[in-house]
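In case you want the letters, here they are:
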Amino acid sequence: MGSADRLVSAASPGLTVRQRIAELLRSTELTAHEISKQASVAEREVAEHLRHLEHTLLQAGERLRVLAPHCVKCGFVFGDREKHGRPSRCPKCKSERLSKARFTIVPA
């Protein structure tokens, strides 16, 4: 169990799912799968939570930084995506070998 695991486990009884996710992302950079495991939420729900969390963070003077996924085969970067879900394949070479997006919270 990593330090982020202990941090959220110890503080999570009174926190909402989005508060748990925000707490995790303030301390480390994670993929949607890692967020899912550590915040105890279904992976398919993480993108929706992140979308809502973005608006809350702006009011608090923070922002969600997204390290965009890229194609492992040709290197195409999915830089302009507004969705936080995983793309299914590369628009350039049609490969399905894509890296996962990584998320973290930084000051605005």
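The structure displayed is predicted, hence computed values, not measured ones.

A. Highlighting the pattern of salt bridges. Overall, the coordinates contain 5 salt bridges when judged by the stated rule. A salt bridge links Arg26 to Glu62; the shortest N-O distance between them is 2.8 Å. Of this pair, Arg26 sits in helix α2 (residues 17-27) while Glu62 sits in strand β1 (residues 62-67); the two residues are 36 residues apart in sequence, bridging distant segments of the chain. Note on Glu62: relative accessible area 17%, which makes it buried. Ionic pairing is found between Arg102 and Glu29, a salt bridge with its closest N-O pair at 3.0 Å.

B. Looking closely at the packing of α2 against helix α3 (residues 32-39). With their axes 10 Å apart at the nearest point, α2 and α3 run at an angle of 120 degrees to one another. Our classification of the angle between α2 and α3 gives oblique. Between α2 and α3 lies a crossing of right-handed hand. For the pair formed by α2 and α3, the contact residues are Arg20, Ile21, Leu24 and Leu25 on the first element and Ile35, Gln38 and Ala39 on the second. For the contact of α2 with α3, the class distribution of residues is 5 nonpolar, 1 polar and 1 charged.

Definitions and limits used
Every chain is numbered on its own, with residues counted from 1 as its sequence reads. In keeping with the predicted nature of the model, local features appear solely for residues at pLDDT of at least 70, side-chain atom pairs appear and are counted solely at 80 or more, and the whole-chain, interface and lining totals rest on all residues. Processing note: side-chain calculations cover all non-hydrogen atoms of the structure and skip hydrogens and water entirely. Definition used for salt bridges: Asp or Glu carboxyl oxygen within 4 Å of a side-chain nitrogen of Lys or Arg. Secondary structure elements are taken from DSSP: a helix is a run of H or I of four residues or more, a strand is a run of E of two residues or more, and numbering for both begins at the N terminus. Each residue's exposure class comes from its accessible area (1.4 Å probe, protein chains only) as a fraction of the maximum for that residue type: buried when under 20%, exposed when over 50%, partly exposed otherwise. Under this scheme, a helix contributes an axis fitted over its contacting stretch, all axes are lines through C-alpha atoms, and angles between N-to-C directions fall in the 0 to 180 degree range. For this classification, under 35 degrees means roughly parallel, over 145 means roughly antiparallel, 65 to 115 means roughly perpendicular, and everything else is oblique. With the far helix as reference, a near helix turned anticlockwise by less than a right angle produces a left-handed crossing, and one turned clockwise produces a right-handed crossing. For this analysis, residues touch if any pair of their heavy atoms sits within 4.5 Å. The nonpolar class holds Ala, Val, Leu, Ile, Met, Phe, Trp, Tyr, Cys and Pro. Asp, Glu, Lys and Arg form the charged class, and all remaining residues, Gly among them, are polar.

None of this, on its own, says anything about what the molecule does.
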